[in-house]
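What the coordinates show
Now for the letters of each chain:
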Amino acid sequence: MKKMQTEFPDNFLWGGAIAANQAEGAYLEDGKGLDISAGFSHGIKQDYDEVINPNTYYPTHEAIDFYHRYKEDLSLMAEMNFKVFRTSIHWSRIYPNGDDDTPNEAGLQYYEDMFDEMLRLGIEPLVTLSHYETPTHLVNAYGSWRNRKLIDFFLRYCKTVFTRYKGKVKYWLTFNEINNMRRMPGGAGGIFLKEDEHAQQVIFQASHHMFVANALAVKLCHQICPDAKIGCMLSLSNVYPHTCKPEDVFETMELRRRSLMFGDVMIRGKYPTYAYRIWDEEGVEIHMEQGDEEILQAYTADYLGFSYYRTSTHEYGQPFYGDTGGDQGTPNPYLETTPWGWQIDPVGFRYTLNELYDRYQIPLFVVENGLGQIDELDENGNIHDDYRIQYIADHVKAMKEAIKDGVEIMGYTYWGPIDIVSAGTGEMKKRYGFIYVDRDNEGHGTMERRRKDSFYWYAQVIKSNGENLG
Ligand code: BGP
């Protein structure tokens with residue numbers, strides 16, 4: 001009989017996560033084409049410049065210069081005993097326009113060198129194929145994922161990188177936080193809605209194309225790299241009813257289902273029945289081609305990767321927002337709040353891990369969890385980020401409780417092990433890292449890296465496989 005798991009598994013993948021567009025910089029170097037992340041000057045929820053304005057500062061153009069400094073940075077990750085490191089491949093480094101017939105060799109070689117460096121350091125690459133980085137040409141020439149042609153362009157890109165990095169990359173993710181198509185379709189899928197467009201129709205149809213692309217990428221990955229695992233990725237910070245009023249409870253469930261629908265399609269292999277009511281009530285008609293539903297059913301994700309930062313609450317009838325941290329509604333009076341309004345809830349993390357495992361019964365991978373805060377240097381230039389240590393310790397404890405609850409968790413990649421550009425605001429001021437980077441919101445600084453107190457602490461957490469939380 002199966003015994004209760006009481007510790008982190010020996011092969012638990014401890015590490016950290018970044019995204020190419022938030023760290024690499026070199027936004028047009030070595031043959032890379034323009035991608036949408038370069039057009040956001042204040043994060044993916046604010047203004048988007050289709051044409052780069054020479055008089056505007058765009059934080060992702062240089063970011064933290066990970067493109068040139070990745071060896072130094074990866075050696076710092078190894079110093080923290082990382083088992084895995086998540087980053088994304090910039091699609092437009094491989095296919096500069098997205099629809100090119102042949103790939104850009106300099107881009108392919110760059111990531112091959114990076115993954116080889118990780119493996120040399122004993123770190124497994126965990127690679128996101130599309131992390132808010134749609135090639136701009138695909139947006140301008142095809143309307144991005146509105147157009148079913150993007151499925152083939154995406155699969156051409158997948159086939160190229162699966163083949164090139166076969167044996168090197170064993171963990172893949174398709175679309176970062178694909179359920180952000182609901183609230184940030186620009187950043188999440190290059191869908192910049194036009195005045196006269198029926199927003200929900202466009203978003204659900206584009207999402208359908210992405211679901212088909214996701215399923216066919218799963219099929220390709222299993223064919224080309226049978227030893228690799230490929231997951232889907234959702235933003236799943238949670239939301240509670242604000243009161244026990246039945247209307248609060250039911251509408252909160254409906255809101256949560258708006259996100260879980262994406263997991264349902266990519267993990268259960270079909271649209272949930274409640275989707276048909278949503279489409280009916282919102283005047284949406286999904287155009288599916290012959291065979292689409294069979295594809296969705298046949299090629300489902302090997303695991304569920306997801307981000308968890310915080311929780312929020314919902315009151316019936318109240319407006320509901322969302323940002324890079326997830327859904328956001330009425331503040332919870334029982335929880336501490338960060339300067340960016342994110343509420344800290346480790347119990348909610350255990351709750352969410354149980355919720356997702358109950359629903360999907362496949363392995364989970366926490367590919368984003370972290371604390372964005374204002375870090376200050378003391379007179380000796382040290383950063384005493386006890387608040388970050390506390391946040392992570394509480395969330396690691398919650399994860400261990402979930403494991404005891406029977407939840408199967410593959411690993412934990414802390415979001416932002418090194419300070420990088422915030423996706424939601426474009427700031428450097430919102431720092432997540434164990435490693436401080438000398439760069440401010442306006443691009444001033446030396447780019448020098450500096451270990452924070454949490455750097456040494458996290459190294460011990462990993463070395464003790466989650467036992468030594470200090
Ligand atoms: C998620 C993104 C990441 C990361 C994270 C933190 O939405 O997948 O790219 O940015 O949010 O959000 P922020 O950078 O806005 O603090």
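One can find the structure itself at the top, above this paragraph.
Along each chain, residues carry numbers from 1 onward, in the same order as the chain's sequence is written. Reporting in this predicted model follows two pLDDT cut-offs: at least 70 for local features of residues, and 80 or more for side-chain atom pairs to be given and counted; totals over whole chains, interfaces and linings ignore these cut-offs and use all residues. Side-chain numbers here rest on the full set of heavy atoms in the structure, without hydrogens or water.

Take the overall build of the protein chain next. Every helix listed is a DSSP run of H or I at least four residues long, and every strand listed is a run of E at least two residues long, numbered separately from the N terminus. When helices and strands are tallied, the protein chain shows 14 helices and 14 strands. Every radius of gyration here is taken over C-alpha atoms, with the globule rule written as 2.2 Å times N^0.38, N being the number of residues. Its C-alpha atoms give the protein chain a radius of gyration of 21 Å, within 12% of the compact-globule value 23 Å for 470 residues. Across its three principal directions, the C-alpha atoms of the protein chain cover 60 × 55 × 50 Å. Counting the 470 residues in the protein chain, one finds 61% classified as buried. Partitioning the contacts of the protein chain with sequence separation of at least 6, the portion at a separation of at least 24 is 76%. When the accessible surface of the protein chain is totalled, it reaches about 18,200 Å², and 49% of it is carbon and sulfur. Considering the protein chain, the positive charge centre built from 47 side chains and the negative charge centre built from 70 side chains are found 5 Å apart. Each residue gets one of three labels from its accessible area relative to the maximum for its type: buried under 20%, exposed over 50%, partly exposed in between, using a 1.4 Å probe on protein chains only. By the convention used here, residues are in contact when the closest approach between their heavy atoms is within 4.5 Å. To measure how exposed things are, a 1.4 Å probe is used in the Shrake-Rupley method; for residues, cover is taken only from the protein chains shown. Neither His nor the chain ends is counted toward charge; the positive residues are Lys and Arg and the negative residues Asp and Glu. Working definition for charges: the position is that of NZ of Lys, CZ of Arg, CG of Asp or CD of Glu.

Attention now moves to the packing of helix 9 (residues 246–268) against helix 10 (residues 273–281). Between helix 9 and helix 10, the least distance of the axes is 10 Å, while the angle of their chain directions is 125 degrees. As far as their axial angle goes, helix 10 and helix 9 are oblique. Helix 10 is crossed by helix 9, and the crossing has left-handed handedness. For the pair helix 9 and helix 10, the contacting residues are R257, R258, L260, M261 and D264 in the first and Y274, A275 and I278 in the second. Any residue that is not Ala, Val, Leu, Ile, Met, Phe, Trp, Tyr, Cys, Pro, Asp, Glu, Lys or Arg is counted as polar, Gly included; the first ten are nonpolar and the last four charged. Each residue belonging to the contact of helix 9 with helix 10 can be placed in one class, and the counts come to five nonpolar, no polar and three charged. Axes here refer to lines fitted to C-alpha atoms; in helices the fit is confined to the stretch in contact. Angles between the N-to-C directions go from 0 to 180 degrees. To sort the angles, those under 35 degrees are grouped as roughly parallel, those over 145 as roughly antiparallel, those from 65 to 115 as roughly perpendicular, and the leftovers as oblique. Less than a right angle of anticlockwise turn of the near helix away from the far helix marks a crossing as left-handed, whereas a clockwise turn marks it as right-handed.

Distances are taken per atom, and a residue is near a molecule or strand as soon as one of its heavy atoms is within 4 Å of it. Near the ligand there are 15 residues, and of these Q22, E177, T324, E368 and Y432 occur at the shortest range. One nitrogen or oxygen atom from the side chain of S422 is found 3.2 Å from an oxygen atom belonging to the ligand. A distance of 2.7 Å is found between an oxygen atom of the ligand and a backbone nitrogen or oxygen belonging to G424. Calculation on the ligand without its partners gives an accessible area of 370 Å², and the protein chains cover 100% of this total. In the shell around the ligand, the residues fall into six nonpolar, six polar and three charged. Polar contact is defined as a pair of N or O atoms within 3.5 Å, subject to the rule that within protein one atom must be able to donate a hydrogen and the other to accept it, and that residues adjacent in sequence are counted only when both atoms are side-chain atoms.

A few words now on the nonpolar core. Nine residue types can take part in a nonpolar core, namely buried Ala, Val, Leu, Ile, Met, Phe, Trp, Tyr and Cys, and a core is a set of them joined through side-chain atoms within 4.5 Å. Of all hydrophobic cores here, the largest spans 141 residues; its most connected members are W145, F162, W172, L304, M399 and Y458. V84, L126, Y171 and M410 belong to the second-largest nonpolar core, a separate cluster that totals ten residues.

Once that is clear, we can look at the packing of aromatic side chains. Each pair of aromatic rings taken from Phe, Tyr and Trp, with Trp reduced to its six-membered ring, is defined by centres within 6.5 Å and is described as stacked if the planes are under 30 degrees apart, edge-to-face if over 60, and tilted in the remaining cases. Counted by the stated rule, this structure contains 38 aromatic pairs. Measuring from centroid to centroid gives 5.6 Å for Y70 and Y110, while their planes differ by 85 degrees, and the two rings are edge-to-face. Of the two residues, Y70 sits in helix 2 (residues 66–79) while Y110 sits in helix 4 (residues 105–120), which places them 40 residues apart along the sequence. In this structure Y70 comes out as buried when scored by relative accessible area, which is 8%.

We count a salt bridge whenever a side-chain nitrogen from Lys or Arg sits within 4 Å of a carboxyl oxygen from Asp or Glu. Enumeration according to the criterion identifies 34 salt bridges in this entry. For E112, the salt bridge is made with R164, and the minimal N-O distance between the two is 2.6 Å. Here R164 lies in helix 6 (residues 149–164) and E112 lies in helix 4, a separation of 52 residues in the sequence. Accessibility expressed as a relative area gives 16% for E112, which makes it buried. Note on R164: relative accessible area 23%, which makes it partly exposed. The residue K400 makes a salt bridge to E467 at a minimum N-O spacing of 2.9 Å. Within this pair, whereas K400 is found in helix 13 (residues 386–404), its partner E467 is found in the segment after helix 14 (453–463), the two being separated by 67 residues in sequence. Accessibility expressed as a relative area gives 15% for K400, which makes it buried. Given the relative accessible area of 42%, E467 is considered partly exposed.

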